[in-house]
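# Fold and contact review
Spelled out, the chains give:
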Amino acid sequence: MTRFHEYLSEHFETIFRWFTILCAGTVLLIMAGMFINLAWNARLAIGEFGLGFLWSDAWDPALNEYGAFSSIYGTLVSTLIAMAIAVPMSVVIALFLVELAHPTVSKVVGSAIELLAAIPSIIYGMWGLFVFAPIMAETVQPFLQETLGLEKVPGLGRLFTGAPMGIGMLTAGLILALMILPFISAVMRDVFAMVPPVVKESAYGMGSTTWEVTHKVTLRYGIQGIIGACFLGLGRALGETMAVTFVIGNAHRISPSLYDAGNSIASTLANEFAEASEPIYLHSLIYLGLVLLVMTFFIQLAAQWWVARLKKSMGAGL
Amino acid sequence: MSDVKLPLYGEMADPTPKISVRGLDFFYGDHQALFSNDIDIAPNRVTAVIGPSGCGKSTHLRVYNRIFELYREQRVKGAVLLNGENIFAPTVKLLDLRRRVGMIFQKPTPFPMSVFENVAYGIRLHYAVSKSELDGRVEEALKGAALWEEVRDLLNRPGTALSGGQQQRLCIARAIAVEPEVLLMDEPTSAIDPIATAKIEELVEGLKGKYTIVIVTHNMQQAARISDFTAFFFKGYIIEFGATKQIFTNPHNKKTEEYITGRFG
C-alpha cells in the first residue's frame, strides 16, 4: 500500500466530510453568484429606474424607457390561470390513481403522466401555436364569450372580451396548466401513496366513505407534500419560457381581457435579448431577470414558512 | 336449554352471543388464511384471540367490521352474525356496521388534526349535533377512555403531539365516541411501553361493562389478565376456544398447551 492509500484510509471520514461540505457549499455559492452577477449586469437599469422599474409599465426601446410591470403582470396572470386549473385537477388525478383506480389502470395512467412531464417545452409551444391556438380561436374562446361574456356576466365578463385570436393570456395559461399538471400530479400521487394504510383503515373503520377519508384524512395527512407539489409547479410556471413565448402574443400591454396578447418576464427575455443593442436595454432585461429570481426566491420562502406553520398546528405526518 | 342452543362459550355468559361466526373461510387471492372458523363472542365480555404470528388472528378480527373489503383480493366465505343478523346481508349498511363495530389498531393512528377534532371526527360523521352537544360528547368519550384529565387543557394541540399511550387512548376515545357495540382491538399495546400498557389494560376492564371487546394479543399474560374467554388460533384454525381460566390452566388440546407454556410461537 502506498503512503497515499494509507493516508486516504486513515483520514477517509474527514476527507469525506469536507467533500460533502464542499458540494453543499457550491449550491450557496451559485445562488449568491447569480444574485451578484445579475445585479452587476443590470446596474445601469437599476441606477436609472431604481425600484420604480417594478411598477412602471413603460417599455419603449426607442426612448430607452423601461418598466417591468406588464411583464410581472403577465407572469402572475398566466401562472394564476395555470395554477387554478392544474392544482385541483392534479389532486383529483392523484386521488384517482392512489385510492380508486384498479392497480393496472393506475400504472398505465401513471406512466402516461410521467411521459407527459418528459415532453420538451418547445413541443408544447409549437403544439400550442399550431394546434391549440386555432381550437381556442374557433371553439373555446367564442364559447366562453357566449356563456361568460360581458352581456351574461357583468364585471367578470370583461375577462372574455376582445377578438378571439387564439393566442394571448388565456391560451398561455392553459398551455402552462398542461405543462405543470404532470409534475404536480406525479408528486401528489407519491404523497398520497405515502399515507400509511393503517391511518386510512382507521378512518374507514370509523364508518367513513371514501370521500370522507380522502378529504378529511388523506388530504390533511399529506398537506405538506401537497403544498410542496404546488410550489414545484408554481416555480416551473413562473419561469417557463419557450411554450409561453409561442402563445402569449408578446405585447407589452396590460389588458383586463384574457384574450389579449401580453407577455411574461421569461417571454420578454427570450424575445428581446437579441434585439437589445443599447446597454441600458440589455441592463433592463437583466434587471427583469433579477426580478424573476427574487420573485421565485420569495415564493419559495413563503412556501417553507407556510409548511412549517401547518406542521405546528396539525402535526401532519409528511 | 338444550345443548345445541348453547353458545360455544358455554354457560358462563349471556346465552345470546353478540357475534356468532360460523364456517368462516378467508382468502388472500388464492391463498386460504382461515379455515371454517366457528366462534361465539359473549356480550359485555372480553374475548382474547391468541396464537403464533401468522396464524390468522388479525385476519379473523378484520372480518367483523368488513375492513378487509378495502382490498379487492381479499374475500370470505361463511357467516358472521352480529345480534343475529348476518353482516354480509345486503340490508346491512356498511358504514353503520363500522360505527357499531369499532376498531383499535396495533399502532396508534391519530388523524392529522387536534385532539378535540380527532374525537369529534366520528361524531360529526354519524350524528347531527349542536356545538355544545359535540363538546359534551367529546368530553364524555375522553373520560370514557381515561384521557380527559390529561388532555383537558390540550384539546387544540395536534393529536400526534401526545405520547404513544395517550395516542392509543385517544383512538379508543375516538372509537367509543360513536357509541359502538363492539370494540375490536388488534394488538393495541404492542407498540407502547409497559406503564401505558397497564393503563390500557385497566381501561379495557372498565370498558367491558358497556362494550363487547375482542382483543388480539401476542402477549399471553395479557390475555390471561384481562380476558374472560380465549380462542387459540393455529394455522388458520380455531384449535381451542373456552373460558380463559380453563384455556390457561387446563387446555384440552396439546397444541394449545405447547403454545401457552411457551414451547413455540
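Below or above, wherever it landed, is the structure these notes cover.

Criteria and thresholds
Residues numbered from 1 in each chain as written. Chains lettered and ligands numbered in written order. Predicted model: local features only at pLDDT ≥ 70, side-chain atom pairs only at ≥ 80, totals over all residues. Heavy atoms only, no water. Helix = DSSP H or I, 4+ residues; strand = E, 2+ residues; numbered from the N terminus. Buried < 20%, exposed > 50% of the residue type's maximum accessible area, 1.4 Å probe, protein only. Contact = heavy atoms within 4.5 Å. Buried area = accessible area lost by both parts, 1.4 Å probe. Salt bridge = Lys/Arg side-chain N within 4 Å of Asp/Glu carboxyl O. Polar contact = N/O pair within 3.5 Å; in protein donor to acceptor, adjacent residues only side chain to side chain. Phe/Tyr/Trp six-rings, centres within 6.5 Å; stacked < 30°, edge-to-face > 60°. Lys NZ or Arg CZ within 6 Å of the ring centre and 35° of its normal.

### As for unusual backbone geometry
Residue and element names in this part refer to chain B. Of note, R66 is a non-glycine position whose phi angle comes to about 55 degrees, a positive value. Within the element layout of this structure, R66 appears in the loop between α1 (57-64) and β4 (74-82). Not every positive phi belongs to a glycine, and K235 is a case in point at roughly 50 degrees. With a relative accessible area of 60%, K235 lands in the exposed category.

### Comments concerning the interface of chain A and chain B
Taken together, the contact between chain A and chain B spans 27 residues of the former and 24 residues of the latter. Taking both sides of the interface into account, the surface hidden between chain A and chain B amounts to around 2100 Å²; carbon and sulfur atoms contribute 64%. Run the count over chain A and chain B and you get 1 salt bridge. Where chain A packs against chain B, one counts 6 residue pairs in polar contact (both at pLDDT 80 or more). Of all elements in the fold, only α8 (197-205), α9 (210-221) and α13 (279-314) of chain A reach the threshold of two or more residues within the side of chain A that touches chain B. Tallying contributions element by element places α8 of chain A first for the side of chain A that touches chain B, with 8 residues.

### Section: the packing of aromatic side chains
Per the stated rule, a full pass over the model turns up 21 aromatic pairs over all chains. Ring centres 6.0 Å apart and planes at 25 degrees place the aromatic pair F49 of chain A and F53 of chain A in the stacked group. Like F53 of chain A, F49 of chain A is buried. Ring centres of F160 of chain A and Y259 of chain A lie 6.1 Å apart, and the angle between their planes is 65 degrees; this geometry places the pair in the edge-to-face category. Taken together, the residues F160 of chain A in the loop between α6 (121-148) and α7 (169-194) and Y259 of chain A in the loop between α11 (242-247) and α12 (265-272) connect sequence positions 99 residues apart. What makes F160 of chain A buried here is its relative accessible area of 10%. With relative accessibility at 0%, the residue Y259 of chain A sits in the buried group. Positioned above the aromatic ring of W40 of chain A is the side chain of R43 of chain A, whose terminal nitrogen or guanidinium carbon lies 4.1 Å from the ring centre. Positioned over the ring face of F27 of chain B is R75 of chain B, at 4.6 Å from the centre of the ring.

### So, the pattern of salt bridges
Under the defined criterion, the tally for this structure stands at 18 salt bridges over all chains. Notably, a salt bridge pairs R169 of chain B with E150 of chain B, separated by 2.8 Å at the nearest N-O pair. Taken together, the residues span a long stretch of sequence, with R169 of chain B in helix α6 (residues 164-176) and E150 of chain B in helix α5 (residues 148-151) at a distance of 19 residues. What emerges from the salt-bridge pattern is a single network uniting E114, R189 and D190 of chain A.

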